[in-house]
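What follows is each chain in one-letter form.
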Amino acid sequence: MRTRQILCPTDFSITASHALNYAIEMANLYGVSVRLLHVMSEPFSEHHYGLAVEAAAELEQQITSFATESLQKIQLEVQQELNPGLTVKTVIRTGLVLKEILAEAELGEIGMIVIASHGRQGISHLLNPNIGEGLANKAKCPVLVVK
(Lines give C-alpha, C1' and ligand atoms only; values in the text may rest on other atoms or scores of the structure.)
Protein backbone atom coordinates (compact mmCIF):
# COMPACT_ATOMS: atom_id res chain seq x y z
CA MET A 1 0.00 0.00 0.00
CA ARG A 2 2.80 2.42 0.80
CA THR A 3 4.10 2.38 -2.77
CA ARG A 4 0.77 2.53 -4.56
CA GLN A 5 -1.88 5.20 -5.15
CA ILE A 6 -5.40 5.48 -3.82
CA LEU A 7 -8.04 5.44 -6.55
CA CYS A 8 -11.14 7.51 -5.86
CA PRO A 9 -13.85 7.27 -8.53
CA THR A 10 -16.28 10.18 -8.58
CA ASP A 11 -19.61 10.99 -10.16
CA PHE A 12 -19.43 14.54 -8.71
CA SER A 13 -22.18 13.79 -6.17
CA ILE A 14 -22.20 14.84 -2.51
CA THR A 15 -21.71 11.19 -1.53
CA ALA A 16 -18.64 10.95 -3.78
CA SER A 17 -17.29 14.11 -2.15
CA HIS A 18 -17.70 12.45 1.24
CA ALA A 19 -15.75 9.40 0.02
CA LEU A 20 -13.03 11.70 -1.30
CA ASN A 21 -12.48 13.02 2.24
CA TYR A 22 -11.73 9.45 3.33
CA ALA A 23 -9.38 8.99 0.35
CA ILE A 24 -7.47 12.14 1.34
CA GLU A 25 -7.23 10.96 4.94
CA MET A 26 -5.94 7.54 3.86
CA ALA A 27 -3.46 9.10 1.40
CA ASN A 28 -2.02 11.32 4.12
CA LEU A 29 -1.87 8.41 6.56
CA TYR A 30 -0.02 6.11 4.14
CA GLY A 31 1.96 8.82 2.35
CA VAL A 32 0.64 7.96 -1.10
CA SER A 33 -0.83 9.97 -3.97
CA VAL A 34 -4.45 10.10 -5.10
CA ARG A 35 -5.88 9.28 -8.51
CA LEU A 36 -9.32 10.76 -9.23
CA LEU A 37 -11.36 8.89 -11.83
CA HIS A 38 -14.57 9.81 -13.61
CA VAL A 39 -16.18 7.30 -15.95
CA MET A 40 -18.47 8.67 -18.63
CA SER A 41 -21.11 6.18 -19.70
CA GLU A 42 -21.61 5.79 -23.40
CA PRO A 43 -25.02 6.97 -24.63
CA PHE A 44 -27.45 4.18 -25.41
CA SER A 45 -28.73 5.81 -28.58
CA GLU A 46 -28.84 9.02 -30.55
CA HIS A 47 -31.80 10.15 -28.43
CA HIS A 48 -30.51 12.09 -25.46
CA TYR A 49 -33.65 12.56 -23.40
CA GLY A 50 -34.76 15.91 -24.75
CA LEU A 51 -31.41 17.68 -24.64
CA ALA A 52 -31.10 20.13 -27.50
CA VAL A 53 -27.87 19.41 -29.34
CA GLU A 54 -26.86 19.57 -32.97
CA ALA A 55 -25.24 16.13 -32.94
CA ALA A 56 -24.19 13.32 -30.63
CA ALA A 57 -20.58 14.50 -30.95
CA GLU A 58 -21.59 17.91 -29.59
CA LEU A 59 -23.24 16.31 -26.56
CA GLU A 60 -20.17 14.16 -25.93
CA GLN A 61 -17.94 17.25 -26.15
CA GLN A 62 -20.10 19.12 -23.62
CA ILE A 63 -20.06 16.19 -21.20
CA THR A 64 -16.30 15.79 -21.57
CA SER A 65 -15.75 19.50 -20.96
CA PHE A 66 -17.92 19.41 -17.84
CA ALA A 67 -16.09 16.35 -16.50
CA THR A 68 -12.67 17.83 -17.22
CA GLU A 69 -13.49 21.16 -15.55
CA SER A 70 -15.06 19.44 -12.54
CA LEU A 71 -12.07 17.13 -12.06
CA GLN A 72 -9.63 20.05 -12.33
CA LYS A 73 -11.54 21.95 -9.65
CA ILE A 74 -11.55 18.93 -7.33
CA GLN A 75 -7.87 18.31 -8.08
CA LEU A 76 -6.92 21.79 -6.85
CA GLU A 77 -8.97 21.36 -3.67
CA VAL A 78 -7.50 17.93 -2.92
CA GLN A 79 -3.92 19.08 -3.57
CA GLN A 80 -4.31 21.70 -0.84
CA GLU A 81 -5.39 19.03 1.67
CA LEU A 82 -2.67 16.49 0.89
CA ASN A 83 0.61 16.40 2.76
CA PRO A 84 3.58 18.01 0.94
CA GLY A 85 5.08 15.78 -1.73
CA LEU A 86 1.86 13.92 -2.48
CA THR A 87 0.11 14.47 -5.80
CA VAL A 88 -3.32 14.20 -7.38
CA LYS A 89 -3.81 12.83 -10.88
CA THR A 90 -7.09 12.94 -12.78
CA VAL A 91 -8.33 10.40 -15.31
CA ILE A 92 -11.44 10.32 -17.49
CA ARG A 93 -12.55 7.03 -19.04
CA THR A 94 -15.56 6.13 -21.16
CA GLY A 95 -17.47 2.87 -20.91
CA LEU A 96 -19.11 0.64 -18.33
CA VAL A 97 -18.40 2.07 -14.90
CA LEU A 98 -17.41 -1.10 -13.04
CA LYS A 99 -15.27 -2.39 -15.91
CA GLU A 100 -13.43 0.93 -16.30
CA ILE A 101 -12.75 1.33 -12.57
CA LEU A 102 -11.30 -2.18 -12.43
CA ALA A 103 -9.18 -1.49 -15.53
CA GLU A 104 -7.84 1.74 -14.04
CA ALA A 105 -7.03 -0.05 -10.78
CA GLU A 106 -4.98 -2.63 -12.72
CA LEU A 107 -3.29 -0.12 -15.00
CA GLY A 108 -2.46 2.37 -12.27
CA GLU A 109 -1.13 -0.17 -9.78
CA ILE A 110 -3.65 1.00 -7.23
CA GLY A 111 -3.24 -0.02 -3.59
CA MET A 112 -6.77 0.88 -2.45
CA ILE A 113 -10.05 2.04 -3.97
CA VAL A 114 -12.21 4.45 -2.00
CA ILE A 115 -15.71 4.79 -3.44
CA ALA A 116 -19.08 6.12 -2.38
CA SER A 117 -22.14 3.94 -1.98
CA HIS A 118 -25.42 5.61 -2.82
CA GLY A 119 -27.24 3.27 -0.43
CA ARG A 120 -30.13 2.31 -2.68
CA GLN A 121 -32.59 -0.23 -1.35
CA GLY A 122 -35.47 -2.31 -2.64
CA ILE A 123 -36.41 -2.04 -6.30
CA SER A 124 -33.99 0.84 -6.88
CA HIS A 125 -31.14 -1.43 -5.76
CA LEU A 126 -32.26 -4.10 -8.22
CA LEU A 127 -32.56 -1.67 -11.15
CA ASN A 128 -29.30 0.20 -10.53
CA PRO A 129 -26.12 -1.85 -10.32
CA ASN A 130 -24.19 -1.30 -7.11
CA ILE A 131 -20.69 -0.35 -8.21
CA GLY A 132 -19.22 -0.43 -4.69
CA GLU A 133 -20.50 -3.96 -4.15
CA GLY A 134 -19.15 -5.06 -7.52
CA LEU A 135 -15.74 -3.56 -6.76
CA ALA A 136 -15.59 -5.22 -3.35
CA ASN A 137 -16.19 -8.58 -5.06
CA LYS A 138 -13.93 -8.16 -8.11
CA ALA A 139 -11.07 -5.78 -7.26
CA LYS A 140 -7.64 -7.22 -6.51
CA CYS A 141 -6.93 -4.54 -3.91
CA PRO A 142 -8.77 -3.42 -0.77
CA VAL A 143 -11.96 -1.42 -1.35
CA LEU A 144 -13.37 1.09 1.12
CA VAL A 145 -17.06 1.74 0.44
CA VAL A 146 -18.23 4.95 2.12
CA LYS A 147 -21.88 5.69 2.91
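Provided above is the structure to which this section pertains.
The present account deals with the structure reproduced in this document.

Basis of the calculations
Counting restarts for each chain: residues are numbered from 1 in the order of the written sequence. Totals for whole chains, interfaces and linings use every residue, but because this is a predicted model, local features are given only for residues with pLDDT of at least 70 and side-chain atom pairs only at 80 or more, for both listing and counting. Just so you know, side-chain values use all the structure's heavy atoms and leave hydrogens and water out. Under this scheme, a helix contributes an axis fitted over its contacting stretch, all axes are lines through C-alpha atoms, and angles between N-to-C directions fall in the 0 to 180 degree range. Strands are runs of DSSP state E lasting at least two residues, helices are runs of H or I lasting at least four, and both sets are numbered from the N terminus onward. Angular relationships are summarised with four words: roughly parallel below 35 degrees, roughly antiparallel beyond 145, roughly perpendicular across 65 to 115, and oblique for the angles in between. Crossings are assigned a handedness: left-handed for a near helix turned anticlockwise from the far helix by less than a right angle, right-handed for a clockwise turn. Residue contacts are defined here by distance: any two heavy atoms, one from each residue, within 4.5 Å place the two residues in contact. Only Phe, Tyr and Trp rings are paired, with Trp represented by its six-membered ring, and only when their centres lie within 6.5 Å; those with planes under 30 degrees apart are stacked, over 60 edge-to-face, the remainder tilted. Partly exposed describes any residue whose relative accessible area lies between the buried limit of under 20% and the exposed limit of over 50%, with all areas from a 1.4 Å probe on protein chains only and scaled to the type maximum. The rule for a salt bridge is simple: a side-chain nitrogen of Lys or Arg has to be within 4 Å of a carboxyl oxygen of Asp or Glu.

To characterise two packed helices, one gives the angle between the axes of the helices and the distance between these axes. Look at helix α3 (residues 97–107) against helix α5 (residues 131–138): their axes get within 10 Å of each other, and the N-to-C directions meet at 40°. On the basis of their axis angle, the class for α3 and α5 is oblique. For the pair α3 and α5, the crossing hand works out as right-handed. The residues of α5 that touch α3, namely those facing V97, L98, I101 and L102, are I131, G134, L135 and K138.

Take the packing of aromatic side chains next. Taken as a whole and judged by the stated rule, the model has 1 aromatic pair. Ring centres of F12 and F66 lie 5.7 Å apart, and the angle between their planes is 85°; this geometry places the pair in the edge-to-face category. Note that F12 is positioned in the loop between β1 (5–9) and α1 (14–30) and F66 in helix α2 (residues 56–81), a separation of 54 residues in sequence. Here F66 falls in the exposed class, since its relative accessible area comes to 52%.

Moving on: the pattern of salt bridges. What the rule picks out here adds up to 4 salt bridges. As a salt-bridge pair, E104 and R35 come within 2.5 Å of each other at their nearest N and O atoms. Highlighted residues: E104 in helix α3 and R35 in strand β2 (residues 34–40), separated in sequence by 69 residues. On the basis of relative accessible area, E104 is assigned to the buried category, the value being 2%. Between E104 and R93 there is a salt bridge; the shortest N-O distance is 2.7 Å. With a gap of 11 residues between them, E104 in helix α3 and R93 in strand β3 (residues 88–94) connect regions that are remote in the sequence. Accessibility assignment for this pair places E104 and R93 in one class, buried. Bridged by salt links that share partners, the residues R35, R93, E100 and E104 form one connected network.

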